[in-house]
Amino acid sequence: MTSRPASNDRALVLLSGGQDSATCLAWALARFSHVETIAFDYGQRHAVELNCRLTIRDKIVGIEPTWDGRLGEDHSVDLGALNAISDTALTRDVEIAMSDDGLPNTFVPGRNILFLTLAAALAYRRGIRHIVGGMCETDYSGYPDCRDDAIKALQVALNIGMARDFVLHTPLMWRDKAATWSLAHDLGRDALVDLIVEDSHTCYRGERGERHDWGHGCGACPACELRAAGFASYREGQAA
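These numbers were taken from a predicted model, which means no experiment stands behind them. (Residues numbered from 1 in each chain as written. Predicted model: local features only at pLDDT ≥ 70, side-chain atom pairs only at ≥ 80, totals over all residues. Heavy atoms only, no water.)

Section: the packing of helix H2 (residues 48–60) against helix H7 (residues 177–199)
Helices that pack against each other are described as a pair by the angle of their axes relative to one another and the distance between those axes. Short version of the rule: Helix axes are fitted only over the stretch in contact, all axes being lines through C-alpha atoms; the angle between N-to-C directions runs from 0 to 180 degrees. Under the scheme used here, helices are H or I runs from DSSP no shorter than 4 residues and strands are E runs no shorter than 2 residues, and both carry numbers assigned from the N terminus. Comment on the angle field: the value is read as roughly parallel under 35 degrees, roughly antiparallel over 145, roughly perpendicular from 65 to 115, and oblique elsewhere. Whether a crossing is left-handed or right-handed is set by the direction in which the near helix is turned from the far one by less than a right angle, anticlockwise for left-handed and clockwise for right-handed. In this analysis, two residues are considered to be in contact whenever any of their non-hydrogen atoms come within 4.5 Å of each other. Under the convention adopted here, Pro, Cys and the residues Ala, Val, Leu, Ile, Met, Phe, Trp and Tyr are nonpolar, Asp, Glu, Lys and Arg are charged, and Gly plus all remaining residues are polar.
Packing of H2 against H7 leaves a shortest axis separation of 10 Å and a crossing angle of 160°. Here H7 runs roughly antiparallel to H2, going by the angle between their axes. For the pair H2 and H7, the crossing hand works out as right-handed. Of the residues in H7, those in contact with Cys-52, Thr-55, Ile-56, Lys-59 and Ile-60 of H2 are Leu-192, Leu-195 and Asp-199. When its residues are assigned to classes, the contact of H2 with H7 shows five nonpolar, one polar and two charged.

Topic: the UniProt feature "binding site: Zn(2+)" (unreviewed entry) in the chain
We apply this condition: UniProt positions are given in the numbering used here, feature names are shortened, and annotations may be inferred rather than shown by experiment. Burial status follows relative accessibility: with a 1.4 Å probe on protein chains alone, a residue under 20% of its type maximum counts as buried, one over 50% as exposed, and anything between as partly exposed.
Mapped onto this structure's residue numbering, the UniProt feature "binding site: Zn(2+)" (unreviewed entry) falls at Cys-203, Cys-218, Cys-221 and Cys-224. What stands out for the annotated residues spanning 22 residues is how close their C-alpha atoms remain, the widest pair being 6.9 Å apart. Here Cys-218 is to be found in the loop between strand S7 (215–216) and helix H8 (222–239). Overall, the relative accessible area of 18% leaves Cys-218 in the buried class. Not counting chain neighbours up to four residues away, the residues in contact with Cys-218 comprise Cys-203, Arg-205, Glu-207, His-212 and Cys-224. Note that Cys-224 resides in helix H8.

A look at the UniProt feature "binding site: ATP" (unreviewed entry) in the chain
The residues that UniProt annotates with the feature "binding site: ATP" (unreviewed entry) are Leu-15, Ser-16, Gly-17, Gly-18, Gln-19, Asp-20, Ser-21, Ala-22, Thr-23, Cys-24 and Leu-25. Within the element layout of this structure, Leu-15 appears in the loop between strand S1 (7–14) and helix H1 (19–29). Ala-22 gets classed as buried once you look at its relative accessible area, which sits at 2%. For Ala-22, the contacting residues outside a window of four places in its chain are Leu-15, Ile-56, Ile-60 and Ile-196.

Section: the pattern of salt bridges
To keep it simple, the criterion reads: We define a salt bridge as a contact between a side-chain nitrogen of Lys or Arg and a carboxyl oxygen of Asp or Glu at a distance within 4 Å.
Scanning the model with the defined rule gives ten salt bridges in all. Two residues, Lys-59 and Asp-199, come together in a salt bridge whose shortest N-O distance is 3.0 Å. Of this pair, Lys-59 sits in helix H2 while Asp-199 sits in helix H7, and the two are 140 residues apart along the sequence. Taking the relative accessible area as the measure of exposure, Lys-59 reaches 43% and is therefore partly exposed. Of the charged contacts, one joins Lys-152 and Asp-148 as a salt bridge, the two residues approaching to 2.9 Å between their closest N and O atoms. Of this pair, Lys-152 and Asp-148 both sit in helix H6 (residues 148–162), separated by four residues, roughly a single helical turn. Using a relative accessible area of 14% as the deciding quantity, one classes Asp-148 as buried. Salt bridges sharing partners connect three or more residues here, namely Arg-10, Glu-36, Glu-73 and Arg-126.

A look at H6
Defined as follows: Here a helix's expected span is defined as the number of its residues, less one, multiplied by 1.5 Å.
The end-to-end C-alpha separation of H6 is 21 Å, in line with the 21 Å expected for 15 residues at 1.5 Å each. Contact partners of the buried residues in H6: helix H5 (111–126) and strand S5 (167–169). Positive backbone phi, at 55°, marks Ala-163, one or two positions downstream of H6.

Looking at the environment of Arg-31
Cut-off, in case you're wondering: Two N or O atoms form a polar contact when they lie within 3.5 Å of each other; inside protein one atom must be a possible hydrogen donor and the other a possible acceptor, and for residues adjacent in sequence the pair counts only when both atoms belong to side chains.
Structurally, the position occupied by Arg-31 is in the loop between H1 and strand S2 (34–41). Since its relative accessible area comes to 43%, Arg-31 is described here as partly exposed. Spatially, the C-alpha atom of Arg-31 lies 9.7 Å from that of Arg-70, the residues being 39 residues apart in sequence. Those residues within four positions of Arg-31 in sequence are excluded, and the remaining contacts are Asp-9, Arg-70 and Leu-187. Here the side chain of Arg-31 touches Trp-27 through a polar contact of 3.2 Å, landing on its backbone oxygen.

Structure (structure tokens):
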């Protein structure tokens, strides 16, 4: 296997097709001269997000003049094995509920750990130092692998295990959803907010039918409720 020397101005963004990852893509495009994207198909119930991410890639480069020249290759990884060993509301057609351990049954154990490990393996080969993900522990469902200490521990493990100096960036870690909408506006003004509303996907049930003011979705699952409340708060702040 050959790999490029790691560059300090190259980034790899985990782009799922949701609000958070779309915002992270814009954040990376504003900071790095070369940005690649990676997605994971693990048989998720909301697999529609994988199509949405391609639309986001196509449209986001028109928001800022410099972004078109910065957006590089896209990578997709088949993670069907994760689906095979999971039994969650994101990988099975079951009702979303709280589990006995206090976590929602939308938690897919090991998902972010696998995502970041595989992203680092690709970054190693591509000569990329910076890896960007939309993990957040401000407005989130309590997933352990979204927490800041988990991400920092994983960064240490990846750097030791691959003899690299990766930096795992989580620009949304301490932002609630309203602040995430505000960040999108700061990065790309109304054009980016409108792109995220219309073309990103967050709904856990994978529903794209109804168009709300905050985007498409069932409007009742935890992801939709969080996104809707954050958008309403963001709009209130804009109007104040």
